[in-house]
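# Working through the structure, step by step
Now for the letters of each chain:
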Amino acid sequence: RIMRPDDANVAGNVHGGTILKMIEEAGAIISTRHCNSQAGEACVAALARVERTDFLSPVCIGEVANVSAEITYTSRHSVEVQVNVMSENILTGAKKVTNKATLWYVPLSLKNVNKVLEVPPIQYARKEQEDEGKKRYEEQKLDRLETKQRNGDVIFPIINPEPHTVGYSQSSLIHLVGPSDCTLLGFVHGGVTMKLMDEVAGIVAARHCKTNIVTASVDAINFHKKIKKGSVITISGRMTFTSNKSMEIEVFVDADPFVDEPQERYRAVSAFFTYVSLSKEGKPLPVPQLLTETEDEKRRFEEGKGRYLQTKAKRQAQMQQAAR
Amino acid sequence: RIMRPDDANVAGNVHGGTILKMIEEAGAIISTRHCNSQAGEACVAALARVERTDFLSPVCIGEVANVSAEITYTSRHSVEVQVNVMSENILTGAKKVTNKATLWYVPLSLKNVNKVLEVPPIQYARKEQEDEGKKRYEEQKLDRLETKQRNGDVIFPIINPEPHTVGYSQSSLIHLVGPSDCTLLGFVHGGVTMKLMDEVAGIVAARHCKTNIVTASVDAINFHKKIKKGSVITISGRMTFTSNKSMEIEVFVDADPFVDEPQERYRAVSAFFTYVSLSKEGKPLPVPQLLTETEDEKRRFEEGKGRYLQTKAKRQAQMQQAAR
Amino acid sequence: RIMRPDDANVAGNVHGGTILKMIEEAGAIISTRHCNSQAGEACVAALARVERTDFLSPVCIGEVANVSAEITYTSRHSVEVQVNVMSENILTGAKKVTNKATLWYVPLSLKNVNKVLEVPPIQYARKEQEDEGKKRYEEQKLDRLETKQRNGDVIFPIINPEPHTVGYSQSSLIHLVGPSDCTLLGFVHGGVTMKLMDEVAGIVAARHCKTNIVTASVDAINFHKKIKKGSVITISGRMTFTSNKSMEIEVFVDADPFVDEPQERYRAVSAFFTYVSLSKEGKPLPVPQLLTETEDEKRRFEEGKGRYLQTKAKRQAQMQQAAR
């Protein structure tokens, strides 16, 4: 679809969250269709996880985003979908790859939302494809367990913070979950959550560096618990790390199912977003260094540095391989 | 209401689809109100058909669109509504007629959506008004049957197409039907469908001529089958004909009610949109000729030429009549 | 227009904020049109103040809201607009008055947004209408000055608050101002701000009483400073007072024009919203009493009580007058 002014920031760059939302919608459609392709109980595919994804080039207002999706692996209870986004300038005809994302979905019964159904198997062109898919499946399963454990953190507000400290840029947003945010089962679309997360992360990044910023990448996101229609969700973000030209922001989503039930607030999702700052000509700008004060902030900075160096090393290895 | 940036293209011209959506909402309100004006079963008026409509002048961001609607004819089971749109520049006070559209609605029971109710008759000021209305009613009934028959076509994707061929500009868009897209009966508003159709047609037109384009007219649209909430709809468009200064695009809407039911994908709507290309000063520009390759494409081009010449002849006849 | 699921809460009651937004749009159209009705510099009318308004009956999904606006007084530099909202059930034909609101607008030059232009005078049917309008004008001018002075308050977050305390339900929301939120001058529509304020106030009310809540009234709202496109606005709400069946919530809007300029965060708007809690049958429910802890909270509770008793006395006087 054509990118509209509301999809973009004041500089005309489309929000990463808008792209993530389109990706998720395409994934939900293809996996729901697949899981209903055999006779049996009707179901809706719910997003369980998005693998790390890079935003390779910014999309602008007026361009057309082409989204294509393909099922690449099925386990007994989950579907792996590969989604590619191309942006196309329909005036010049120029096309660019914007995103390649991998998403995992789980089919939930339309009658009983707590029941996970079985996924019809797909045919693989080659045996290796199935083996590689299985490897990816095992890896993501492990990672999901790990993030579930470290998921207890809470962001406390800081009064009168200094510029460039963690407390200065941290932000939170509340959103009342409306009908358009939800699937047929009455639970929030994963894409809606990701769009709000990107919005908070973008505000944190802009508060820190006070320039035009764009999403560069999103680390793997795990959706631990569903969020029901009518809930209030609080999305909080804080900066964890800065390199010379990038900022890492940790985002938490907490849900308050407060109208219907006496249930407690719970952590639904958490993830790391990486942003870069761009000049008016679209060149990356240096970023002010994050000032860490407490022990926790210093520890998180070091962990962020670890993720940054690991990603950098991986990318260099890929480029060397590609160059051979 | 005031036209917003999201209602318009990058050149600031409001999308024809936004106007069509406002027209349909006004028509749905007036006809639902009329059909419930007598004691009896409650109903919601569903759009059955929109007559050919011309976009007489483009509307811009910041202008106010005034929509007025009037019931002009009732048959036993249908209502004809005439909707006029005026755009008003509230800074200068200038007003222009933008559209005159004729829509046909059918009242469906709120309890049983497959039951068509009876329409309370209206009073005509003069006997001729009733006779003319009846003539229009018979004509549209015939035309609806005809389009139903030729409705089986499918758009296949073409790999590496040449510029200005049919395959080069053809486009499709997938949309998951959400709650705000639907009436009280849980079916998609006709206006929502038309807005999406205009969006696809606009992408086809822009891909072909790579300039700023605006909707010039929409041929009669027939709504054969309802589309249910939760369906996935695929809207596809392909160019069928070009004159020196206009492009005709055929648009299909296919619905996949894939979650609930074992039902097959079906063709819900089809229509022809005509676009013109505008220079920065708002003057019509010449359009590159459509290159037809297959027999089918050549046949459709000739048919499009037929429609174009017929419309042109009709307009000249009207102008001569007006000049007398 | 027809009320959609997205306009309403889970119980199907349309948000007060949606109604306020429609009211403001109607007021902006009529006053901009009036201020441009004479030759001279083009201008856009900006919302300066909304008088206290009561929500007389809840509107539901599927109903049609009819908005009508009329200019009732002009001073040299401001326009008073009276807006009435009727909700209409187009199935039964039943109509109810939903709102009567009075808004004040100021014409700002399209070329220089800091220049207030002169308003063309209107003709009054009777001399008394002009005198009464002048009286209303003087009163609101005084009230605007007063709220400007008490406007310095800030909401501090509270950690681990007890249920029914002020800290327990207080909430805040951040919003990045997009193009569709703004007028032609690039400043936020007053109606957009009011919709967000109602959203926050509603979340505060729901957090306090954990039931279905609806907006009962909004106290006079003054728009002290404009908010520019690209700003981040923080909308914060805290409960100030509860009677047996109502809750008063104070809402602040702070703007951060952080991208463009080195300007400080500033208070743009503040207001009091009153909510009631409704049972499933639409009857008012008792509300848990607000627990006040600090001296400030106790003082604000007493002030809220004063406003509550004053409004109650005024309403009784009106009813007695009406009964005579």
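Residues numbered from 1 in each chain as written. Chains lettered and ligands numbered in written order. Predicted model: local features only at pLDDT ≥ 70, side-chain atom pairs only at ≥ 80, totals over all residues. Heavy atoms only, no water.

Further remarks concern the overall build of chain A. Regarding its fold elements, chain A presents five helices and eleven strands. For 324 residues, the compact-globule formula gives about 20 Å, and the C-alpha radius of gyration of chain A, at 20 Å, lands near that figure. In terms of its C-alpha atoms, chain A occupies a principal-axis envelope of roughly 60 × 55 × 35 Å. Among the 324 residues that make up chain A, the fraction classed as buried is 54%. Restricting to contacts in chain A with at least 6 residues of sequence separation, those with at least 24 account for 73%. Within the structure as shown, chain A displays about 15,100 Å² of accessible surface, and the carbon and sulfur contribution to it stands at 51%. (Helix = DSSP H or I, 4+ residues; strand = E, 2+ residues; numbered from the N terminus. Rg over C-alpha atoms; globule rule 2.2 N^0.38 Å. Buried < 20%, exposed > 50% of the residue type's maximum accessible area, 1.4 Å probe, protein only. Contact = heavy atoms within 4.5 Å. Areas by Shrake-Rupley, 256 points an atom, 1.4 Å probe, with all protein chains shown as cover.)

We now examine the pairing of strand β7 (residues 212–218) of chain B. Residues and elements named next belong to chain B. In terms of burial, β7 is a largely internal element, six of the seven residues being buried. Here strand β2 (residues 53–54) pairs with β7 via two bridges, running antiparallel. Residue pairing in the sheet places Asp54 in a bridge with Ser217 of β7. The sheet contact formed by β7 and strand β11 (residues 266–278) spans six bridges and is antiparallel. Its bridge partner lying in β11, Ser217 is registered against Thr274. (Pairing = 2+ DSSP bridges.)

Time to look at helix α4 (residues 190–209) of chain A. An ideal rise of 1.5 Å per residue puts 28 Å on 20 residues; α4 of chain A measures up with 29 Å between its terminal C-alpha atoms. Most of α4 of chain A sits out of view: 18 of its 20 residues are buried. (Expected span 1.5 Å × (residues − 1).)

So, about the relation of the copies chain B and chain A. Overlaying chain B on chain A yields an RMSD of 0.1 Å, the required transformation being a rotation through 120 degrees with an accompanying axial translation of 0.1 Å. The superposition operator between the copies reduces to a three-fold rotation axis. Both copies present different contact surfaces, since only 18% of the interface residues of chain B are interface residues in chain A too. (Least-squares fit on C-alpha atoms with pLDDT ≥ 70 in both.)

This part takes up the domain arrangement of chain A. All names here are of chain A. Split into domains, chain A comes out as domain 1 (2–141) and domain 2 (166–323). Relative to domain 2, the C-alpha centre of domain 1 lies at a distance of 19 Å. If you look at the interface, domain 1 gives 25 residues, while domain 2 gives 28 residues. Both faces considered, domain 1 and domain 2 share a buried interface measuring about 2,200 Å² in area, 61% of it formed by carbon and sulfur atoms. Inspection of the domain 1/domain 2 interface yields one salt bridge. Between Asp219 and Arg52 there is a salt bridge, with the nearest N and O atoms lying 3.2 Å from each other. Where domain 1 touches domain 2, the interface holds eleven residue pairs in polar contact (both at pLDDT 80 or more). Listing elements by their share of the side of domain 1 that touches domain 2, those giving two or more residues are α1 (16–35), β1 (43–50), β2 (53–54) and β5 (95–109). (Domains from an automatic or database assignment. Buried area = accessible area lost by both parts, 1.4 Å probe. Salt bridge = Lys/Arg side-chain N within 4 Å of Asp/Glu carboxyl O. Polar contact = N/O pair within 3.5 Å; in protein donor to acceptor, adjacent residues only side chain to side chain.)

Accessible area lost on assembly of the parts is the figure often given for the size of an interface. Listed by partner, the interface residues are 22 residues for chain B and 27 residues for chain A. When chain B packs against chain A, the two sides together hide about 2,000 Å² of surface, and 63% of this comes from carbon and sulfur. Where chain B meets chain A, there are two salt bridges. Between Glu88 of chain A and Arg207 of chain B there is a salt bridge; the shortest N-O distance is 2.2 Å. If you look at where chain B meets chain A, you find three residue pairs in polar contact (both at pLDDT 80 or more). Listed by contribution, the elements that provide at least two residues to the side of chain B that touches chain A are β6 (171–176) and α4 (190–209) of chain B. When its residues are assigned to classes, the side of chain B that touches chain A shows eleven nonpolar, four polar and seven charged. (Nonpolar A, V, L, I, M, F, W, Y, C, P; charged D, E, K, R; others polar.)

Under the defined criterion, the tally for this structure stands at two cavities of 30 Å³ or more. Of the voids in this model, the largest cavity is the one considered here, and its volume is about 100 Å³. Lys21, Glu24, Glu25, Ser180, His189, Gly191 and Val192 of chain B together with Ile2 and Arg4 of chain C together form the lining of the largest cavity. Formed jointly, the lining of the largest cavity draws a minimum of three residues from each of two domains, domain 1 (2–141) and domain 2 (166–323) of chain B. (1 Å grid on protein atoms, 1.4 Å probe; cavity = no way out; pocket = protein on both sides within 12 Å on 5 of 7 lines; lining within 4 Å. Points joined across faces, edges and corners; volume = space filled by probe spheres on them.)

Residue placement: Asn36 of chain B occurs in the loop between α1 (16–35) and β1 (43–50). Ignoring sequence-local partners within four residues, the contact set of Asn36 of chain B consists of Glu41, Ala42 and Cys43 of chain B together with Ile90 and Leu91 of chain C.

One copy of the chain maps onto the second through a rotation about an axis and a displacement along it. For these two chains of identical sequence, chain B goes onto chain C by a turn of 180 degrees and a shift of 0.0 Å along the axis, with RMSD 0.1 Å. Both copies of the chain, as the preceding transformation shows, are related through a two-fold rotation axis. Within chain B, Arg1 of chain B has its C-alpha nearest the rotation axis, a separation of 5.0 Å.

A few words on the nonpolar core. Within the largest apolar cluster, 75 residues are counted, with the highest numbers of intra-cluster contacts made by Ile227, Ile235, Met247, Ile249 and Phe273 of chain B. The element best represented in this core is α4 of chain B, accounting for eleven residues. (Core = buried A, V, L, I, M, F, W, Y, C linked by side-chain atoms within 4.5 Å.)

Let's shift gears to the UniProt feature "active site" (unreviewed entry) in chain A. All names here are of chain A. In the numbering used here, UniProt assigns the "active site" (unreviewed entry) feature to Asn9 and Asp198. The greatest C-alpha distance among the residues just named is 12.1 Å, despite their covering 190 residues of sequence, which places them together in space. You can see Asn9 is positioned in the segment before α1. Ignoring any residue separated from it by four or fewer positions in sequence, one finds Asn9 in contact with His15, Asn212 and Ile213. With respect to the helices, strands and loops of the structure, Asp198 is situated in helix α4. For Asp198, a relative accessible area of 4% puts it in the buried group. Other than its neighbours up to four places away in sequence, Asp198 contacts His15, Gly16, Gly17, Thr215, Phe273 and Tyr275. (UniProt positions renumbered as here; feature names shortened; annotations may be inferred.)

Another aspect to go through is the pattern of salt bridges. Residues and elements named next belong to chain C. Applying the stated criterion across every chain yields a total of 51 salt bridges over all chains. Close ionic contact of Asp256 with Arg265 constitutes a salt bridge, the shortest N to O distance being 3.2 Å. Under the relative-accessibility criterion, Asp256 is labelled buried at 13%. Its relative accessible area of 42% is what places Arg265 among the partly exposed residues.

Opposite the 25 residues of chain B that make contact, chain C presents 25 residues. Summed over the three residues of chain B that lose the most area to chain C, namely Ile90, Leu91 and Ser180 of chain B, the buried surface amounts to 27% of that side. One can count two salt bridges joining chain B with chain C. Between Glu88 of chain B and Arg33 of chain C there is a salt bridge whose closest N-O contact spans 2.6 Å.

Here we come to the packing of helix α1 (residues 16–35) of chain C against helix α4 (residues 190–209) of chain C. Packed helix pairs are specified by the crossing angle of their axes together with the interaxial distance, meaning the distance between the axes. All names here are of chain C. Relative orientation of the contacting elements α1 and α4 amounts to 170 degrees, with a least axis distance of 8 Å. In terms of orientation, α1 and α4 fall into the roughly antiparallel class. Across from Gly16, Gly17, Thr18, Leu20, Lys21 and Glu24 in α1, the residues of α4 making contact are Gly190, Gly191, Val192, Met194, Lys195 and Asp198. When the residues that make up the contact of α1 with α4 are grouped by side-chain class, the tally is three nonpolar, five polar and four charged. (Axes fitted to C-alpha atoms, helices over the stretch in contact; angles between N-to-C directions. Parallel < 35°, antiparallel > 145°, perpendicular 65-115°, else oblique.)

In this section: the state of the cysteines. Two cysteines form a disulfide when their sulfur atoms are joined by a covalent bond. Residues and elements named next belong to chain B. Tallying each qualifying case throughout the model produces zero disulfides over all chains. Of all cysteine sulfurs in the structure, the one in Cys43 sits closest to Cys35, which takes part in no disulfide; the separation is 4.8 Å. For Cys35, a relative accessible area of 7% gives the class buried. (Disulfide = S-S within 2.5 Å.)

This next bit is on the packing of aromatic side chains. Within this structure, the stated rule accounts for 18 aromatic pairs over all chains. Judged by centre distance (6.2 Å) and plane angle (35 degrees), the ring pair of Tyr73 of chain A and Tyr124 of chain A falls under tilted. Pair noted here: Tyr73 of chain A is in strand β3 (residues 64–74) and Tyr124 of chain A is in the loop between β5 and α2 (127–149), with a separation of 51 residues, a long-range link. Assessed through its relative accessible area of 6%, Tyr73 of chain A is described here as buried. Residue classification places Tyr124 of chain A among the buried positions, given a relative accessible area of 19%. Arranged with centres 5.9 Å apart and planes meeting at 50 degrees, the rings of Trp104 of chain C and Tyr137 of chain C form a pair that is tilted. (Phe/Tyr/Trp six-rings, centres within 6.5 Å; stacked < 30°, edge-to-face > 60°.)

As a further point, take the side chain of Ser236 of chain C. Topologically, Ser236 of chain C is positioned in strand β9 (residues 232–242). Setting aside its immediate chain neighbours within four residues, Ser236 of chain C contacts Ile155, Ser171, Ser172, Val200, Glu250, Val251 and Phe252 of chain C.

Here the focus is the confidence of the model for chain A. When pLDDT is averaged across chain A, the result is 87; 96% of the residues are at 70 or more. In the model of chain A, strand β6 (residues 171–176) of chain A stands out as the element of lowest mean pLDDT, 82, in contrast to strand β4 (residues 79–88) of chain A, which has the highest, 93. (pLDDT = per-residue confidence, 0-100.)

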